[in-house]
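# Examining the three-dimensional arrangement
These are the residues of each chain, in order.
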Amino acid sequence: MARKTGKAVWTAVATVMLAGTVLAACGGDSGETAANGGEAGSKPADTNIRVLLSHNNSGFASKGPEEKKQKYYDELSKLSGYNVSFEFLGHDIDFRQQLSLRFASGELTDLVRTGSVDWEVHQGAVDRGVFLELGPLIDKYGPNLKKKIPEVAWNSPKVTKNGKIYGIPVLTGAAADRVIFYRQDMLDQLKMGVPKTLDEFLAFAEAVKKNDVNGDGDPNNEWALSLTDGMSWNDVFTGSFGVRPGTWHMRNGKLEPDIIQPEMKEAIAFYKKLYDNGYIEKDFITKKQGDRGTDISKGLVAAWGAATYQYAAVAAQQYPNQPKAAITMAVPPKGPRGDNFLQIGTDQVYFVWVIPANTKNPEKIIKFLDWAWSAPEADKFFAYGIKDFNYTEENGQVKFDPKGPNNSELNEKEFFQLSINVRENGLNNPLALKVLPNSDVILKGYEDSKSTIMKNDAMYMPPLKAMDGRPELNPGFVAGSLFYDWFVKLVVGKEELDKGFDAFVAEWKKRGGEAAIREATDWYNAFNKK
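Remember, predicted model here, so these are calculated numbers, not experimental data.

So, on to the pairing of strand E17 (residues 397-400). By the alternation rule, side chains of E17 split into Val398 and Phe400, which are all buried, and Gln397 and Lys399, of which none is buried. Connecting strand E16 (residues 391-394) to the antiparallel partner E17 that follows it, the hairpin turn spans two residues, and Asn395 within it adopts a positive phi of roughly 55°.

See the structure below:
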């Protein structure tokens, strides 16, 4: 039964969000699951687990009816034997802000989603003893966690600090899944192919601007590319210039972030051209990421950054008065040096679970996660939902219709594959992918996406002390960072490009960036034994 505690609303029986791994599709190791008892499998008398996480802008998680969500909570409770209640916070910037307030107030739950054990949202939490060390608990109660989650994730500083485990990885499920979605019907109408170069994209953008490609009678309300305030998700072009926000590379003996490189100025100049020519909305930076879906369905944008796993839902959604609407996946256009990077090589960690040190009976949480990673019934639930509700079986074969009434509205299938999936981004899971219509197209999208991976020389670099308490130095597309602020100024013309970019680099270095580069370089040389 749901209960209210202050501002928080706890809804009975459920779990968590986002993650991903292809490994879970293998099933296996069910002999060590909770059903077989033993130290790893026996359940404590207290089976209540409270979870705090982001709704991740998922339609059903953020807007779905509570009475329908309850059906999934009840099913998960029945299968696992654990009563997991959860509270969804906001998405992206809102999640960071809300989670920061929860840490400040101490209103935490038994299991908390975070970006890293040393995330800037709760900087220093490990050193202050806020999180429980999990290594001994995992060894004793979670044998399948170590078996199923790859070593590349366990070695990540998002999970460990000073050689000790403080977090449990939730996996991305694929080495790469980012692509660009194009409206194929608009390309056909313009008699154009998918842009292979930046010049071809500009020609496409000009054609979109001059034609009423969505057929609503207004030729001035369509844009070539969807951009919003969530630039970390919407940036599809910096990699065409050989750089990506959030990435560091060794250059001339120094480990430096890509955001201060001359190639980044070239990338910003390209975005400025899109802005100046009217190929993107003038108010893009105040447009909320959550509103993008409405623009897409109305046919107001001809292309947008996306994830391969979104293809089935986006292709199946309704496009009012656009009967020929169709979607094509593609990699970014190549830039002046032949680059078209879109994703950074990663540790495969989507986000991290942490357990606050004051949590009672933390072993039950480890046992629950161990069940989620190992039980065949968990595999099936996180891939297909509830039998005879989300899917059926015929002669042992799963029949799953993503357009079904309990799968499509508000992208409901995402709720059990992603939002209440505690182990992985299940949208990437081959079990879920293989039953989708056009599964061959989707799987090809994953393969194409792998070609856009950029090496990151700082993949395992721990949080830098030089950046401790200095969120403005964040080298990614993060609101409040110097890079984000200067990117906006330069694109919209509040600052002159050449002088402005040089001023940004100088300010970033002066305010601690130079020290960060020295520290990062020392780490790199030590890590690589140079």
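Strand order in the open sheet formed by five strands is E4-E3-E5-E15-E8, and the pairing between neighbours is mixed. Two strands lie at the open edges of the sheet, namely strand E4 (83-89) and strand E8 (168-171), each paired on one side alone. Geometrically, the sheet is characterised by an average inter-axis angle of 25° between neighbouring strands, direction not taken into account. When E8 meets strand E15 (residues 349-354), the two strands line up antiparallel, connected through four bridges. Each residue of the ladder has a partner; that of Val170, found in E15, is Phe351.

To continue, consider helix H14 (residues 363-374). Across its 12 residues, H14 extends 16 Å between first and last C-alpha, which sits within 8% of the 16 Å expected from 1.5 Å per residue. The element H14 is largely enclosed, with a buried count of 12 among its 12 residues. Within the span of H14, buried status applies to Glu363, Lys364, Ile365, Ile366, Lys367, Phe368, Leu369, Asp370, Trp371, Ala372, Trp373 and Ser374.

Here we come to the layout of surface pockets. Empty space within the second largest pocket amounts to approximately 340 Å³. Taken together, 15 residues make up the lining of the second largest pocket; nearest its centre are Asp118, Lys161, Pro462, Pro463 and Lys465. Split into classes, the residues belonging to the lining of the second largest pocket amount to five nonpolar, four polar and six charged.

What follows concerns the packing of helix H19 (residues 482-492) against helix H20 (residues 497-527). One way to put it is that H19 packs onto H20 with a least axis distance of 10 Å and a crossing angle of 170°. Viewed along their axes, H19 and H20 adopt a mutual orientation that is roughly antiparallel. Facing Leu482, Phe483, Trp486 and Leu490 of H19, the residues of H20 in contact are Leu497, Gly500, Phe501, Ala503, Phe504, Glu507, Trp508 and Arg511. When its residues are assigned to classes, the contact of H19 with H20 shows nine nonpolar, one polar and two charged.

With phi around 70°, Gln348 is a residue other than glycine that occupies positive phi space. With respect to the element layout, Gln348 can be found in the loop between strand E14 (343-344) and E15. Residue classification places Gln348 among the partly exposed residues on the basis of a relative accessible area of 30%.

Relative to the helices and strands, Leu171 is located in strand E8. With 21 residues separating them along the chain, Leu171 and Pro150 place their C-alpha atoms 9.2 Å apart.

A few words now on the pattern of salt bridges. Scanning all chains against the criterion turns up 31 salt bridges. The partner of Glu447 in a salt bridge is Lys450, with the nearest N and O atoms 3.2 Å apart. Here Lys450 and Glu447 lie together in helix H18 (residues 439-450), a separation of three residues that amounts to about one turn. According to the relative accessible area criterion, Glu447 is partly exposed, its value standing at 48%. Here Lys455 ties to Asp457 by a salt bridge, and the two come within 3.7 Å at their closest N and O atoms. Accessibility expressed as a relative area gives 15% for Asp457, which makes it buried. Salt bridges here are not isolated pairs; linked through shared partners, they connect Arg470, Glu472, Glu507 and Arg511.

Now for the pairing of E15. Extensive coverage of E15 is indicated by the burial of five of its six residues. Note that strand E5 (residues 111-114) and E15 share three bridges and pair antiparallel. Paired with Arg113 across the two strands is Trp353, which belongs to E15.

Within helix H15 (residues 376-384) the residues assigned to the buried category are Ala378, Asp379, Phe381, Phe382, Ala383 and Tyr384. Those residues of H15 that are buried lie in contact with helix H3 (66-80), H14, E16, E17, helix H16 (413-419) and helix H17 (430-433).

A few words now on the sheet that holds strand E13 (residues 327-330). Strand order in the open sheet formed by three strands is E12-E9-E13, with antiparallel pairing between adjacent strands. Each of the sheet's edge strands pairs with one partner strand only, and the pair in question is strand E12 (303-307) and E13. Neighbouring strand axes in the sheet, compared pairwise and without regard to direction, differ in orientation by 35° on average. Sheet topology places strand E9 (residues 178-183) next to E12; five bridges connect them, and they run antiparallel. Residue pairing across strands places Arg178 opposite Ala307, the latter belonging to E12.

Cut-offs used in this document
Residues numbered from 1 in each chain as written. Predicted model: local features only at pLDDT ≥ 70, side-chain atom pairs only at ≥ 80, totals over all residues. Heavy atoms only, no water. Buried < 20%, exposed > 50% of the residue type's maximum accessible area, 1.4 Å probe, protein only. Helix = DSSP H or I, 4+ residues; strand = E, 2+ residues; numbered from the N terminus. Pairing = 2+ DSSP bridges. Axes fitted to C-alpha atoms, helices over the stretch in contact; angles between N-to-C directions. Expected span 1.5 Å × (residues − 1). 1 Å grid on protein atoms, 1.4 Å probe; cavity = no way out; pocket = protein on both sides within 12 Å on 5 of 7 lines; lining within 4 Å. Points joined across faces, edges and corners; volume = space filled by probe spheres on them. Nonpolar A, V, L, I, M, F, W, Y, C, P; charged D, E, K, R; others polar. Parallel < 35°, antiparallel > 145°, perpendicular 65-115°, else oblique. Contact = heavy atoms within 4.5 Å. Salt bridge = Lys/Arg side-chain N within 4 Å of Asp/Glu carboxyl O.

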